[in-house]
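Remarks on the overall topology
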Amino acid sequence: LLVPAGAGAPRRIEEFLGPLELSALAERWGAERADLLNPRLEARKTVDGWSRTADGVWEAAVEVDGGAWNYLWTTTACTPRPTDAEPGRPTARLEFAPSGGNWDRESAVRFWMRDDGRPRSYLIPVGCSPGWAWRKRIARLRFTAPEGSSLGEPRVELWSVDDARRSEIERRLVPPSR
């Protein structure tokens, strides 16, 4: 797949691909920003039909245009990791697959989860991933739990949010400096 390019710019979509590392952003936005974005929702699509694979990964079939949806909201619980687990924050992974294609591991979205067994909401800006946004057809989604943990069945919605009105939201989140 070729994309328009200027001097020195990447000429193929593959040159733009790479993981989207969100760290704590997905959880923070799930707790703080989701309610503020609700008035800006232009469309919402529930993703049903999740099934758990033998290795504990949650997968669902979905037929969507990646460019039409800029956020994925999910609520799920993550079980505690064993006490001998590697130190560091438990990191989950969201992957997607195009119609008739393999999982796009190159463009996986990684985000920290709390592994306390309580359901928590996460807001993932999938529109920031070229691997997501430039795909005409996304056919499948999957969530992989952090190493040593397991996930409860995710509740998932795709959101199309009017980001042009973002400055109003940011004014409500960030108090003016004095």
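As a starting point, this report considers the structure included with it. In this text the structure is predicted, and so the values were computed from the model without any measurement. (Residues numbered from 1 in each chain as written. Predicted model: local features only at pLDDT ≥ 70, side-chain atom pairs only at ≥ 80, totals over all residues. Heavy atoms only, no water.)

Section: the pairing of strand E9 (residues 138-144)
Burial runs high along E9: six of the seven residues are buried. With five bridges connecting them, strand E4 (residues 58-64) and E9 associate as antiparallel partners. Counterpart to Val64 in the pairing with E9 is Ile138. Across six bridges, strand E6 (residues 91-98) lies against E9 in antiparallel orientation. Pairing of Arg93 across the sheet is with Thr144, part of E9. (Buried < 20%, exposed > 50% of the residue type's maximum accessible area, 1.4 Å probe, protein only. Helix = DSSP H or I, 4+ residues; strand = E, 2+ residues; numbered from the N terminus. Pairing = 2+ DSSP bridges.)

Brief notes about the packing of aromatic side chains
The full count for this structure, using the stated rule, is six aromatic pairs. For the pair Phe96 and Trp132, a centre-to-centre distance of 5.3 Å together with 85 degrees between the ring planes defines the contact as edge-to-face. Here Phe96, found in strand E6, pairs with Trp132, found in helix H3 (residues 130-133); they are 36 residues apart in sequence, far enough to count as distant. In terms of burial, Phe96 and Trp132 fall into one category: buried. (Phe/Tyr/Trp six-rings, centres within 6.5 Å; stacked < 30°, edge-to-face > 60°.)

Focus on the pattern of salt bridges
Evaluation of the coordinates by the stated rule reveals twelve salt bridges. One salt bridge connects Glu27 with Arg120, and the closest N-O pair in it is separated by 4.0 Å. With Glu27 in helix H1 (residues 25-32) and Arg120 in strand E8 (residues 120-124), this pair connects stretches of sequence that are 93 residues apart. The exposure class of Glu27 is buried, given its relative accessible area of 12%. A salt bridge links Glu32 to Arg28, with the nearest nitrogen and oxygen atoms 2.9 Å apart. Of the two residues, Glu32 and Arg28 both sit in helix H1, four residues apart, roughly one turn of that helix. Given the relative accessible area of 54%, Arg28 is considered exposed. Through salt bridges with shared partners, one network takes in Glu27, Arg89, Arg114, Asp116 and Arg120. (Salt bridge = Lys/Arg side-chain N within 4 Å of Asp/Glu carboxyl O.)

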